[in-house]
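Analysis of the macromolecular model
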Amino acid sequence: QVQLVESGGGLVQPGGSLRLSCAVSGSRFGINTMGWYRQAPEKQRDLVATITSGGSINYADSVKRRFTISRDNAKNTVYLQMNGLKPEDTAVYYCNADVRAAWAVYNYWGQGTQVTVSS
């Protein structure tokens, strides 16, 4: 059974940094695109960043030059380094992965990790 387990959220002051991690277990045939999304209270879930198995990266405009996504394919883990955090970055951050099965690709979500930026 595929599971996505996130870690690294917490409370940080404006201008601070956090690093999120998401480990995917139960994948037998590999993982295509991995990514991070976030959802603030009473708002929709939005894309933060994605990275393909080949290393192509896409960022939301609001996080460009502040956040860096990376992945370790050997560990089936995706990371999000967040620098220069702002109060508007406060949200629940969700990991997402397209996991290959024998004959299909299935999309999975993590349980979410809270990031709060406040003084």
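Let us look at the structure shown here. Quick caveat, the model's predicted, so the values are computed rather than measured.

With that settled, the discussion passes to the state of the cysteines. Within this structure, the stated rule accounts for one disulfide. One disulfide bridge connects Cys 22 with Cys 95, the sulfur atoms lying 2.1 Å from each other. Here the disulfide of Cys 22 and Cys 95 is left-handed, its torsion about the S-S bond being about -80 degrees. Of this pair, Cys 22 sits in strand E3 (residues 18–25) while Cys 95 sits in strand E9 (residues 91–100); the two residues are 73 residues apart in sequence, bridging distant segments of the chain.

This paragraph deals with the pattern of salt bridges. Going through the model one piece at a time under the given rule, you end up with three salt bridges. Asp 89 is paired through a salt bridge with Arg 38; the nearest N and O atoms lie 2.9 Å apart. Placement of the pair is Asp 89 in the loop between strand E8 (77–82) and E9 and Arg 38 in strand E4 (residues 31–39), with a sequence separation of 51 residues. Taken individually, Asp 89 and Arg 38 each receive the classification buried, so the pair is uniform in this respect. A relative accessible area of 1% means that Asp 89 is categorised as buried. One salt-bridge network, held together by shared partners, links Arg 38, Arg 66 and Asp 89.

The rules behind these values
- Residues numbered from 1 in each chain as written.
- Predicted model: local features only at pLDDT ≥ 70, side-chain atom pairs only at ≥ 80, totals over all residues.
- Heavy atoms only, no water.
- Disulfide = S-S within 2.5 Å.
- Helix = DSSP H or I, 4+ residues; strand = E, 2+ residues; numbered from the N terminus.
- Salt bridge = Lys/Arg side-chain N within 4 Å of Asp/Glu carboxyl O.
- Buried < 20%, exposed > 50% of the residue type's maximum accessible area, 1.4 Å probe, protein only.

So yeah, pure geometry; function would need other evidence.
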